[in-house]
Amino acid sequence: VDSSPNTITRVPMEKLLGGLLAPGFDEGTCISRYQSYLYRKASPRKPSPYLISKLRNYEDLHKRCGPHSKSYNKKMTRLIKNSKINLTTRCSYIVWKGSNGLGNRMISLSSVFLYAVLTDRVLLVEFWHDMSGLFCEPFPNSSWEFPENILTTSYLNHIQTYESLVQNNMANTSKWVLPSILYLNLQHSREHDKLFHCDRSQDLLRKIPALILRSDQYFVPSLFMTPYFQQELSKMFPEKGTIFHHMGRYLFHPSNKAWRLISSFYDANLAKADEKIGLQIRVFNTRKSPYQTIMASILECTLNNKLLPELDTRISVPFPTKNRTFKSVFVASLHSEYAENLTNMYWRKPTITGEIIQVYQASHEGKQKPGDSIQNMKAWSEIYLLSLCDLLVTSYKSTFGYVAQGLGGLKPWILYRSWGEKIPKPCQQALSMEPCFHYPPKSDCSAKNKVDITSVFPYMKACEDFSPGVKLV
Ligand code: GDP
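Keep in mind it's a predicted model, so treat the numbers as computed, not measured. (Residues numbered from 1 in each chain as written. Predicted model: local features only at pLDDT ≥ 70, side-chain atom pairs only at ≥ 80, totals over all residues.)

**Focus on the site of the ligand**
The condition that has to hold: Using a C-beta atom placed from the backbone, a residue is described as near a molecule or strand when that atom lies within 6 Å of it. Only DSSP runs of H or I reaching four residues or more are called helices, and only runs of E reaching two or more are called strands; each is numbered from the N terminus. Under this grouping Gly is polar, as are all residues other than the nonpolar Ala, Val, Leu, Ile, Met, Phe, Trp, Tyr, Cys and Pro and the charged Asp, Glu, Lys and Arg. All the domain ranges listed were derived from an automatic or database domain assignment.
Near the ligand, the surroundings consist of 20 residues, among which Gly101, Leu102, Gly103, Ser398 and Thr399 are the closest. Counting residues per element, the ones that place at least two in the shell around the ligand are helix H5 (102–119), strand E7 (326–333), helix H15 (373–387) and helix H16 (399–408). Broken down by element, the residue count for the shell around the ligand peaks at five residues, all from H15. Here the residues of the shell around the ligand are counted per class, giving five nonpolar, 11 polar and four charged. Lining the shell around the ligand are residues from two domains, each supplying at least three of them: domain 1 (12–251) and domain 2 (266–472).

**Section: the packing of helix H11 (residues 243–251) against H16**
Under the convention used in this document: Helix axes are fitted to C-alpha atoms over the stretch in contact, other axes to C-alpha atoms as well, and angles between N-to-C directions run from 0 to 180 degrees. Each angle is binned into one of four classes, with values under 35 degrees roughly parallel, values over 145 roughly antiparallel, values of 65 to 115 roughly perpendicular, and all other values oblique. Residues are scored as being in contact if the C-beta atoms we place from backbone atoms lie within 7 Å.
Between H11 and H16, whose axes approach to 7 Å, the crossing angle comes to 90°. Between H11 and H16, the angle is such that the two are roughly perpendicular. Contacts from Phe244, His245, Gly248 and Arg249 of H11 reach H16 at Val403, Gly406 and Leu407. A breakdown of the residues in the contact of H11 with H16 according to their chemical character gives three nonpolar, three polar and one charged.

**Some words on the pairing of strand E6 (residues 275–281)**
The condition is simple: Once C-beta atoms are placed from the backbone, each residue is buried if 20 or more other C-beta atoms lie within 10 Å of its own, exposed if 12 or fewer, and partly exposed for counts between those two. Between any two strands, pairing holds if DSSP finds at least two bridges. Handedness of a crossover: with both strands directed away from the viewer, a clockwise path from the first strand across the helix to the second marks it as right-handed.
Burial runs high along E6: six of the seven residues are buried. When E6 meets E7, the two strands line up parallel, connected through seven bridges. From the neighbouring strand, Ile277 faces E7, where its bridge partner is Val329. Handedness of the β-α-β unit built from E6, helix H13 (residues 291–304) and E7 comes out right-handed. Note: E6 against strand E9 (residues 391–395), three bridges, orientation parallel. Directly across from Gly278, in E9, lies its bridge partner Leu392.

**What to know about H11**
Counting buried residues in H11 gives nine out of nine residues, a clear majority hidden from the surface. Residues of H11 that are buried make contact with helix H3 (49–65), H5, helix H9 (220–224), H16 and strand E13 (470–472).

**Section: the environment of Met13**
One can find Met13 in helix H1 (residues 5–15). Distance from Met13 to Phe330, taken between C-alpha atoms, is 29 Å for residues 317 residues apart in sequence. Each residue touching Met13, except ones within four places of it in the same chain, is listed here: Gly18 and Gly19.

**A few points about the nonpolar core**
Rule in force here: By convention in this section, buried Ala, Val, Leu, Ile, Met, Phe, Trp, Tyr and Cys residues joined through C-beta atoms within 7 Å make up a nonpolar core.
Formed by 121 residues in total, the largest nonpolar core has its most connected members in Ile94, Val112, Phe113, Leu123, Leu211 and Val331. If one sorts the elements of this core by residue count, H5 sits on top with 10 residues. Discounting chain neighbours no more than four positions away, the residues touching Val331 are Leu279, Ile281, Tyr338, Ala339, Val359, Tyr360 and Gln361.

**Thoughts on H5**
The line we're drawing: Expected span of a helix, by definition, is 1.5 Å for each gap between consecutive residues, and there is one gap fewer than residues.
The terminal C-alpha atoms of H5 lie 25 Å apart, and with 18 residues this matches the ideal 26 Å at 1.5 Å per residue to within 8%. Extensive coverage of H5 is indicated by the burial of 16 of its 18 residues. One or two steps after H5, the chain reaches Asp120, where phi turns positive at roughly 55°.

**Describing the sheet that holds strand E3 (residues 160–161)**
Hydrogen bonds between backbone atoms are what pair the strands of a sheet, whose relative direction is either parallel or antiparallel. Taking strand neighbours across the sheet as the criterion, the five strands line up as E2-E1-E5-E4-E3 in an open arrangement whose pairing is parallel. Sheet topology places strand E2 (121–126) and E3 at the edges, where each strand pairs with a single neighbour. With six bridges connecting them, strand E1 (residues 92–98) and strand E5 (residues 210–215) associate as parallel partners. Residue pairing for E5: Tyr93 is matched across the bridge by Ala210. The sheet strands contacting H5 are E1, E2 and E5, and the helix crosses E1 at an angle near 170°.

Written as structure tokens, this is what we have:
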């Protein structure tokens, strides 16, 4: 054991992910928080000192104003009961309400957290039963959970919406008063040009003590479009393409139950490999994208880019016995055929490089099961296992893949959609590890002119996998 002072100080910094995590949590309540560094390579992307100080300040705010604090017990509970009361409070809140699958929820939750940090609001999360027990509490000496049976549809129908706020503001009606609690629905299925990215809207929102924000999108790029936040964001993230990487690693720690699944699968199947390749195969429409086409696109991508070796097709070649290198392929998919096919392929013939390829899959659930907590636990474990790989191949437009690439700090090769085509489009490596914001604002703050965000902001590019979307690079 090297016990030189250097090693002693280096280990805690790695353990705290370069200062991203606060020390002092009870390790037993969340084993993954301080153990994850043993499972992944240290990230070359370091959090900026300014980001670290913002996170520590946020933690203080959360402790002061979060659940169980005096302010929360007195003010937030009253606000929820009566949205019309006029309360002055030093603490303001934002409650995240998710929708869609786990990947969508995680990218939107990280966006809401960043928004909370920028606006000094306390973040609370409404985890439905299907999401409870997946993650550890991220903030020291407090909780982020908001009770699940309060924000029902009838409750939300009764409080003022952000749309009506914007309309009133545009109409400049003198009589309307700002509510104490407001429902902000930024889901992709809604009309998305809601001027949320405009200073004028942020001015109004700032005056409202409690927001309920529902989203399934990674709307961080729209925060960069807001002049109020631009400078602060640039200070927090000198490298713009690393936002989810840092925020995701800060927020999402597998619960002890999830960590047992992850670490035992990893130790048994992946730990010894010389190289680990994650393959995420998401099929949105099995009828339009037949198995053969998807399998062809997987092989085209992995073989042409030398992520996996070709087979040695000579009739009789001995399997090498010395100096063998092992590559593990971890497949995450609802379907079993892809992993089975790869296993059969590498089992029958040696590879031209002599490498031994082993293929693993943790589950194949057959189909997406909304509201199923067991599927979400498996999904979270598999997202995390993908993020522990050295290289990643993901599927176009899949938020499941976005979370894995962001946590892993990886720029994946993206498999494209093939609908009907027999010859697949070649895969392409992503420009950055950031998730794509699928439905960015289309108009400027006057709401009259169309805007092409990528021509205004050089650090935003059209997403490789979905061109109407934008991503930070
Ligand atoms: P997206 O639809 O690909 O953007 O990803 P989401 O995570 O938002 O939604 C898909 C949901 O389907 C996940 O939350 C899982 O419940 C399920 N799912 C999709 N792919 C997989 C997979 O590879 N493994 C497991 N266990 N579940 C999956």
